[in-house]
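Analysis of the macromolecular model
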Amino acid sequence: MNNLQRQKSLCMLLLQLKVIAFIFVLLTLMLALPMRAAELADETAFFENNIRPILVDSCYKCHSIEKNKVQRRLVPGQPTKPHERWR
């Protein structure tokens, strides 16, 4: 086997390794995405069931869009009440 043939076979081997690595990464991502989607669904359900009711009960009466159209708007850095720092 001469030097040129050896270089060609080495290039082919490297190309095959790159293709195998690409397929491995692609399959890994394809398997991981559904798991992340399930985590996001769980987080959304947690927020809707546990956090949103607290916000609606405690915050909506003063911080709703309708209330803020007519009365005050919050200005960053100038709180009017301790819990009204940022909108």
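From a predicted model like this one, the values you see are computed outputs, not experimental measurements.

What counts as what
Residues numbered from 1 in each chain as written. Predicted model: local features only at pLDDT ≥ 70, side-chain atom pairs only at ≥ 80, totals over all residues. Heavy atoms only, no water. Helix = DSSP H or I, 4+ residues; strand = E, 2+ residues; numbered from the N terminus. Buried < 20%, exposed > 50% of the residue type's maximum accessible area, 1.4 Å probe, protein only. Salt bridge = Lys/Arg side-chain N within 4 Å of Asp/Glu carboxyl O. Patch = residues over 30% accessible without salt bridge, like charges linked within 9 Å, V, L, I, M, F, W, Y side chains within 5 Å. Areas by Shrake-Rupley, 256 points an atom, 1.4 Å probe, with all protein chains shown as cover. pLDDT = per-residue confidence, 0-100. Expected span 1.5 Å × (residues − 1). Bend = angle between axes of the 7 residues up to and from the residue. Polar contact = N/O pair within 3.5 Å; in protein donor to acceptor, adjacent residues only side chain to side chain.

Bringing the overall build of the protein chain into the picture now. The number of helices and strands found in the protein chain is 3 helices and 0 strands. Mapped in sequence order, the helices and strands of the protein chain form the string α-α-α. Scored against the burial criterion, the 87 residues of the protein chain give a buried share of 6%.

Further remarks concern the pattern of salt bridges. Evaluation of the coordinates by the stated rule reveals 1 salt bridge. A salt bridge links Arg52 to Glu48; the shortest N-O distance between them is 2.8 Å. Note that Arg52 and Glu48 are positioned in helix 1 (residues 3–58) at a spacing of 4 residues, about one turn of the helix. A relative accessible area of 38% places Arg52 in the partly exposed class.

Together, Met12, Leu15, Val19, Phe22, Ile23, Leu26, Leu27 and Met30 make up a nonpolar patch on the protein surface, roughly 780 Å² of accessible area in all. Locating Ile23 in the fold gives a position in helix 1.

What follows covers the confidence of the model for the protein chain. When pLDDT is averaged across the protein chain, the result is 77; 72% of the residues are at 70 or more. Averaged over each element, pLDDT in the protein chain is lowest for helix 3 (residues 65–70) (59) and highest for helix 1 (87).

Turning our eyes to something else, we now look at helix 1. The end-to-end C-alpha separation of helix 1 is 78 Å, in line with the 82 Å expected for 56 residues at 1.5 Å each. In helix 1, a bend of some 40° at Ile51 exceeds every other bend along the element, and Pro53, a proline, comes one to four places later.

Within the secondary structure, Ser9 is located in helix 1. Here the side chain of Ser9 touches Arg6 through a polar contact of 2.9 Å, landing on its backbone oxygen.

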